[in-house]
2 protein chains.
Amino acid sequence: MNSTHSFLSGRGLSVRIGLALALTLALQAQPAFAGEPRMDEGPLVIAAQGAFSAGGTVVTAPGTFNPADPLNPAGQTLHGDHCDVIWQTPVNARPMPLVFLHGAGQSRRTWESTPDGREGFQNLFLRMGYGVYLLDQPRRGDAGRGTVAQTAPAATDDQFWFGRFRVGVWPDYFEGVQFPRDAESLNQYFRQMTPNTGPFDADLSASAVSAVFDRIGAGILVTHSQGGGPGWLAVIKNPQVKGVVAFEPGSNFVFPEGEAPAPIEGSDGPLAASTVPLDDFLRLTRVPIIIYYGDFIPETRSDNPNTDAWRTRLAMARLWAEAVNRHGGDAAVVHLPEQGIRGNTHFPFSDLNNHEIAAHMAAWLHEKKLD
Amino acid sequence: MNSTHSFLSGRGLSVRIGLALALTLALQAQPAFAGEPRMDEGPLVIAAQGAFSAGGTVVTAPGTFNPADPLNPAGQTLHGDHCDVIWQTPVNARPMPLVFLHGAGQSRRTWESTPDGREGFQNLFLRMGYGVYLLDQPRRGDAGRGTVAQTAPAATDDQFWFGRFRVGVWPDYFEGVQFPRDAESLNQYFRQMTPNTGPFDADLSASAVSAVFDRIGAGILVTHSQGGGPGWLAVIKNPQVKGVVAFEPGSNFVFPEGEAPAPIEGSDGPLAASTVPLDDFLRLTRVPIIIYYGDFIPETRSDNPNTDAWRTRLAMARLWAEAVNRHGGDAAVVHLPEQGIRGNTHFPFSDLNNHEIAAHMAAWLHEKKLD
């Protein structure tokens, strides 16, 4: 550490900053906080971080509020249907940040860490110099206050999600799956689930996502699964969305009116397309879009509804990308096994090979001049 | 920046680290990300950050799971009742981190930022070198998956909370209140609220908090409002809780059996004490405890149930601290106006003077050798 000491002694730089540097260097060779998983690399230097709500509505009950009877709802308001955002900007941030939207049954926890405690896309892309915005969508997680009541059901369904998210067919893991096999990782994975506190509403979520871009300006939207649908609608709503990375989007592909394909039959039921006016659809042709799907998706109809659902979605995604490109757009579908990247579940960004997935996505951002 | 350049050129330190330093210095004089509030100081250097779930239970439905019928709950499990934790450790972290537990109707958003977008206690204590752990308690926020169903009600009650949290008597702000008067700050404040997704259970929350300490080791617990009750129980459960800072704890003060005071009458109804076995209570005498209350708490009974509720709670807190100290403990109640710190609401840590509150708390941590 001699060189650090000589730095600390010299040339008018503040000792406070010097100490930060010295510690930065010292920590290169030390484990992180005792009891926590070690970080993949050295410290993160964060220029700013914080939290805010975006979008949402206000409802007012009829009547007049009486402060002496404060539990009477008359005349009171309810602020709900916003999204909740935590954000971090690294030093020397790239021009456009990444805005992350989770999928069904999930929260921003999706991106924060992996089931086995490694770094999630939050950290991996901070390290690459991107600002990160992590959303809880309206009526989910820390954005739980909605304007429509709903019951969180406390249903036993872990084994359904294990299958639906293509970890395996309970109790068996898929051979070669990029998912840790220890009990604690599975425990953490199941506990990522968190319920709706109001009905899922793709347009409402899209409005909240759009409000985030109103606040932060140009950025790139990264969606997962059910978040894909609100993502397409957010592009239509807001030209500040300059690109989309969609991981395994589900059932909300929007085609131009009159161009929707027939429903795709599968053992999970038919998968239908949605439509929007052509002018709206054309907005989706003005930004680069990449769509990723992982492994264990059957090529032909399977009796397993949980894997067959992804066969129909992958097929619909391909039809959708063709429609975007036919209208002059730039949409690509990457089925990871076709590129030699095998074993991915429905959560490629937190699978064991998430570094490889991040590198693929980063290369695409670079190719499209979004970095 | 000449000194930085000479540093970059010298003595075998990595250019990567040198660049981080150069940017650190450059950002000292620059605003943060465009559109976001400026940070109070320079960058945060984070040694590690991540997320995990702690505690919780597993329930299993009777029957046998059939992968061909995956939506049938029979034989499936539900992992619920955990807390969700995001954590950050700064470089050169102090030996013990701070573990933050929110209050009723809130999430960890309580600590992340202020209604007017300034830095919350998360950032302020990171800057002072503390590791920070921010919890969503069981059945709340990103820890929404519980084992008991509950309906999120979508009730109009903003004006109730405006009064209950002592911002004012709607639509008037208290004179001198340390709360911003602009519409957007109030909008953000109301949107911090998020509902229960299962019944509040102080013992369940305490078990989840205790599980956090099992994982991270020794630390200091910081609670708000309803979180105070689970906080006392967590001290009883886990000797790794080495000190407690409680902001405006509510109705869950635990006295030794046979020593509970009579309920305290108020216009919000009587406030009763709880009891625990003496051996449990004595664990609360083994760690330093400080309890803060803000301003606008009437000295004598008021007809306003929302302020009078805090008169009874402050009185109960004083009786409780006397009981702790009578048994050899170290508990202090700080009524901030008595120390000349005026205008605080129920959220001193995010009020306009939250720096002053943080400094007071930091001085206490130092005095008690918890830093």
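Values in this document were obtained by computation on a predicted structure and should not be read as measured data. (Residues numbered from 1 in each chain as written. Chains lettered and ligands numbered in written order. Predicted model: local features only at pLDDT ≥ 70, side-chain atom pairs only at ≥ 80, totals over all residues. Heavy atoms only, no water.)

Caption draft 1: How the structure looks around the overall build of chain A. When you go through chain A residue by residue, the secondary structure sums to 11 helices and 15 strands. For chain A, buried positions account for 63% of its 371 residues. Put simply, of all contacts in chain A between residues at least 6 apart along the chain, 72% involve residues at least 24 apart. Accessible area of chain A: about 12,800 Å², with a carbon and sulfur share of 52%. (Helix = DSSP H or I, 4+ residues; strand = E, 2+ residues; numbered from the N terminus. Buried < 20%, exposed > 50% of the residue type's maximum accessible area, 1.4 Å probe, protein only. Contact = heavy atoms within 4.5 Å. Areas by Shrake-Rupley, 256 points an atom, 1.4 Å probe, with all protein chains shown as cover.)

Caption draft 2: Helix H11 (residues 354-367) of chain A, seen in detail. Residue and element names in this part refer to chain A. Compared with an ideal rise of 1.5 Å per residue, which puts 14 residues at 20 Å, H11 spans 20 Å between its outermost C-alpha atoms and is within 8% of the ideal. Those residues of H11 that sit buried are Asn354, Ile357, Ala358, His360, Met361, Ala362, Trp364 and Leu365. Packing partners of the buried residues in H11 comprise strand E5 (98-101), helix H4 (121-127), strand E10 (219-224), strand E11 (241-247), strand E14 (288-293) and strand E15 (330-335). Positive backbone phi, approximately 60°, marks lysine 369, located one or two places after H11. (Expected span 1.5 Å × (residues − 1).)

Caption draft 3: Structural detail: the confidence of the model for chain A. Residues and elements named next belong to chain A. Chain-level statistics for chain A give a pLDDT mean of 90 and a share of 89% at 70 or above. Contacts for the low-pLDDT stretch residues 1-38, under 50 throughout, to residues beyond four places or in other chains number 70 contacts. In the predicted assembly, ipTM is 0.90 and pTM is 0.90. (pLDDT = per-residue confidence, 0-100.)

Caption draft 4: How the structure looks around the nonpolar core. In terms of nonpolar packing, the biggest core is built from 92 residues, with Phe121, Phe125 and Met361 of chain A together with Phe121, Phe125 and Met361 of chain B touching the most fellow members. Residue contacts for phenylalanine 125 of chain A: discarding those within four places in its chain leaves Leu98, Tyr130, Val132, Ala358, Met361, Ala362 and Leu365 of chain A. (Core = buried A, V, L, I, M, F, W, Y, C linked by side-chain atoms within 4.5 Å.)

Caption draft 5: Summary view of empty space enclosed by the protein. Applying the stated criterion to the full structure yields seven cavities of 30 Å³ or more. By volume, the largest cavity is sized at about 210 Å³. Lining of the largest cavity is provided by 18 residues; of these, Ile86 and Gln122 of chain A together with Ile86, Gln88 and Gln122 of chain B occupy positions nearest its centre. Among the residues forming the lining of the largest cavity, the class breakdown is seven nonpolar, nine polar and two charged. (1 Å grid on protein atoms, 1.4 Å probe; cavity = no way out; pocket = protein on both sides within 12 Å on 5 of 7 lines; lining within 4 Å. Points joined across faces, edges and corners; volume = space filled by probe spheres on them. Nonpolar A, V, L, I, M, F, W, Y, C, P; charged D, E, K, R; others polar.)

Caption draft 6: Structural detail: the environment of alanine 332 of chain B. All names here are of chain B. In this fold, alanine 332 is placed in strand E15 (residues 330-335). The spatial distance from the C-alpha of alanine 332 to the C-alpha of glutamate 322 is 8.7 Å, given a sequence separation of 10 residues. When sequence neighbours within four positions are dropped, the list of residues in contact with alanine 332 reads Ile289, Ile290 and Ile291.

Caption draft 7: Fine view of the packing of aromatic side chains. Going through the model one piece at a time under the given rule, you end up with 52 aromatic pairs over all chains. Residues phenylalanine 121 of chain B and phenylalanine 125 of chain B carry aromatic rings whose centres are separated by 5.0 Å and whose planes lie at 65° to one another, so their mutual orientation is edge-to-face. Of the two residues, phenylalanine 121 of chain B and phenylalanine 125 of chain B both sit in helix H4 (residues 121-127), four residues apart, roughly one turn of that helix. When sorted by exposure, phenylalanine 121 of chain B lands in the same class as phenylalanine 125 of chain B, which is buried. The positively charged end of arginine 215 of chain A is found above the aromatic ring belonging to phenylalanine 52 of chain A, 3.8 Å away from the centroid. Its guanidinium or amino end placed over the ring of tryptophan 310 of chain B, arginine 313 of chain B lies 5.6 Å from that ring's centre, counting from NZ or CZ. (Phe/Tyr/Trp six-rings, centres within 6.5 Å; stacked < 30°, edge-to-face > 60°. Lys NZ or Arg CZ within 6 Å of the ring centre and 35° of its normal.)

Caption draft 8: Broad picture of the packing of helix H7 (residues 202-216) of chain A against helix H8 (residues 228-237) of chain A. Residues and elements named next belong to chain A. One way to put it is that H7 packs onto H8 with a least axis distance of 8 Å and a crossing angle of 50°. The orientation of H7 with respect to H8, classified from their angle, is oblique. For the crossing formed where H7 meets H8, the hand is right-handed. Here H7 contributes Ala202, Asp203, Ser205, Ala206, Ser207, Val209 and Ser210 to the contact with H8, which in turn contributes Pro230, Leu233, Ala234 and Lys237. Of the residues belonging to the contact of H7 with H8, the class tally is six nonpolar, three polar and two charged. (Axes fitted to C-alpha atoms, helices over the stretch in contact; angles between N-to-C directions. Parallel < 35°, antiparallel > 145°, perpendicular 65-115°, else oblique. Left-handed = near helix turned anticlockwise from the far one by under 90°.)

Caption draft 9: Local environment of the pairing of strand E4 (residues 83-90) of chain B. All names here are of chain B. Burial within E4 is extensive, with eight of its eight residues counted as buried. Along E4, one buried face is formed by Cys83, Val85, Trp87 and Thr89 and the opposite face, lined by Asp84, Ile86, Gln88 and Pro90, is buried too. Pairing analysis gives eight bridges linking strand E1 (residues 44-54) to E4, with the strands arranged antiparallel. The residue of E4 that forms the bridge with glycine 50 is tryptophan 87. Sheet topology note: the E4/strand E6 (residues 132-136) ladder contains five bridges and is antiparallel. Across the sheet, tryptophan 87 pairs through a bridge with tyrosine 133, a residue of E6. (Pairing = 2+ DSSP bridges.)

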